[in-house]
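Structure at a glance
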Amino acid sequence: QVQLVESGGGLVQAGGSLRLSCTASGSISSINAMGWYRQAPGKQRELAATITSGGSTNYADSVKGRFTISRDNAKNTVYLQMNSLKPEDTAVYYCNAEIRQYESDYMNYWGKGTLVTVSS
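Position labels on residues start from 1 in each chain and follow its written sequence. In keeping with the model being predicted, local features are shown solely for residues with a pLDDT of at least 70 and side-chain atom pairs are shown and tallied solely at 80 or more, while totals for entire chains, interfaces and linings include all residues. Heavy atoms from the whole structure form the basis of all side-chain values; hydrogens and water molecules are not counted.

1. Points about the side chain of Thr114
The criterion, for reference: Helix and strand definitions follow DSSP, with helices as H or I runs of at least four residues and strands as E runs of at least two, each counted in order from the N terminus. Burial status follows relative accessibility: with a 1.4 Å probe on protein chains alone, a residue under 20% of its type maximum counts as buried, one over 50% as exposed, and anything between as partly exposed. We call two residues in contact when some of their heavy atoms are within 4.5 Å.
Mapped onto the secondary structure, Thr114 falls in strand S11 (residues 114-119). For Thr114, a relative accessible area of 10% gives the class buried. In contact with Thr114, other than residues within four places in its own chain, are Glu6, Gly8, Gly9, Leu20, Ala91, Val92 and Tyr93.

Structure below.
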């Protein structure tokens, strides 16, 4: 059984910073891409940032220059450093990872989400 557990969400004022963490646990052989997605109230889930196992990154235009995604492969953990936060960044942030268990193919996994609220 594979689990993704996020942490680091909370309430912050506009202009502030937060750092999200997500750790994958379980019977894991390897992890391919990892990423963060977000879903604001009344809106569809959207990509925030992704990172490959080799460290290549991709960002949504709305977060470029403010958010930084990174990962620690030894710890099966992905981070999202969020700076210069805006009220429109308010959302539930979900961790996503492509994980291969032993003697299995890669599958897509999601965490349960962590709420980020940015006050104006």
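2. Let's talk about the state of the cysteines
The cut-off we apply is this: A pair of sulfur atoms, both from cysteines and within 2.5 Å, is called a disulfide here.
Counted according to the given criterion, the structure contains one disulfide. For Cys22, the disulfide goes to Cys95, at an S-S distance of 2.1 Å. Across the disulfide from Cys22 to Cys95, rotation about the S-S bond amounts to roughly -80 degrees, and the bridge is consequently left-handed. Of this pair, Cys22 sits in strand S3 (residues 18-25) while Cys95 sits in strand S9 (residues 91-100), placing them 73 residues apart in sequence. For the pair Cys22 and Cys95, one class covers both residues: buried.

3. A look at the sheet that holds S3
To keep it simple, the criterion reads: Two strands pair under a simple rule: DSSP has to find at least two bridges between them. Note on method: axes are straight lines fitted to C-alpha atoms, helices fitted across the in-contact stretch only, with angles between N-to-C directions ranging 0 to 180 degrees.
Strand order in the open sheet made by the four strands is S1-S3-S8-S7, with antiparallel pairing throughout. On the outer flanks of this sheet lie strand S1 (3-7) and strand S7 (67-72), each paired with one strand and no other. Averaged over all pairs of adjacent strands, the angle between strand axes in this sheet comes to 15 degrees, irrespective of strand direction. Where S7 lies against strand S8 (residues 77-82), six bridges are found, and the strand directions are antiparallel. Bridging from a neighbouring strand, Phe67 pairs with Met82 of S8.

4. Some details on the pairing of strand S10 (residues 106-110)
Relative to S10, S9 is paired through five bridges, and the arrangement is antiparallel. The residue of S10 that forms the bridge with Asn96 is Trp110. What sits between the antiparallel neighbours S9 and S10 is a turn of five residues, in which Glu103 has the positive phi angle 60 degrees.

5. Concerning the pattern of salt bridges
Going by this rule: Salt bridges are counted wherever a side-chain nitrogen of Lys or Arg sits within 4 Å of a carboxyl oxygen of Asp or Glu.
If you walk through the whole model with that rule in mind, you get four salt bridges. Close ionic contact of Lys64 with Asp61 constitutes a salt bridge, the shortest N to O distance being 3.2 Å. Take Lys64: its relative accessible area is 48%, and that puts it in the partly exposed class. Of the residues examined, Asp61 reaches a relative accessible area of 65% and is grouped as exposed. Overlapping salt bridges, with partners in common, bring together Arg38, Glu46, Arg66 and Asp89 in one network.

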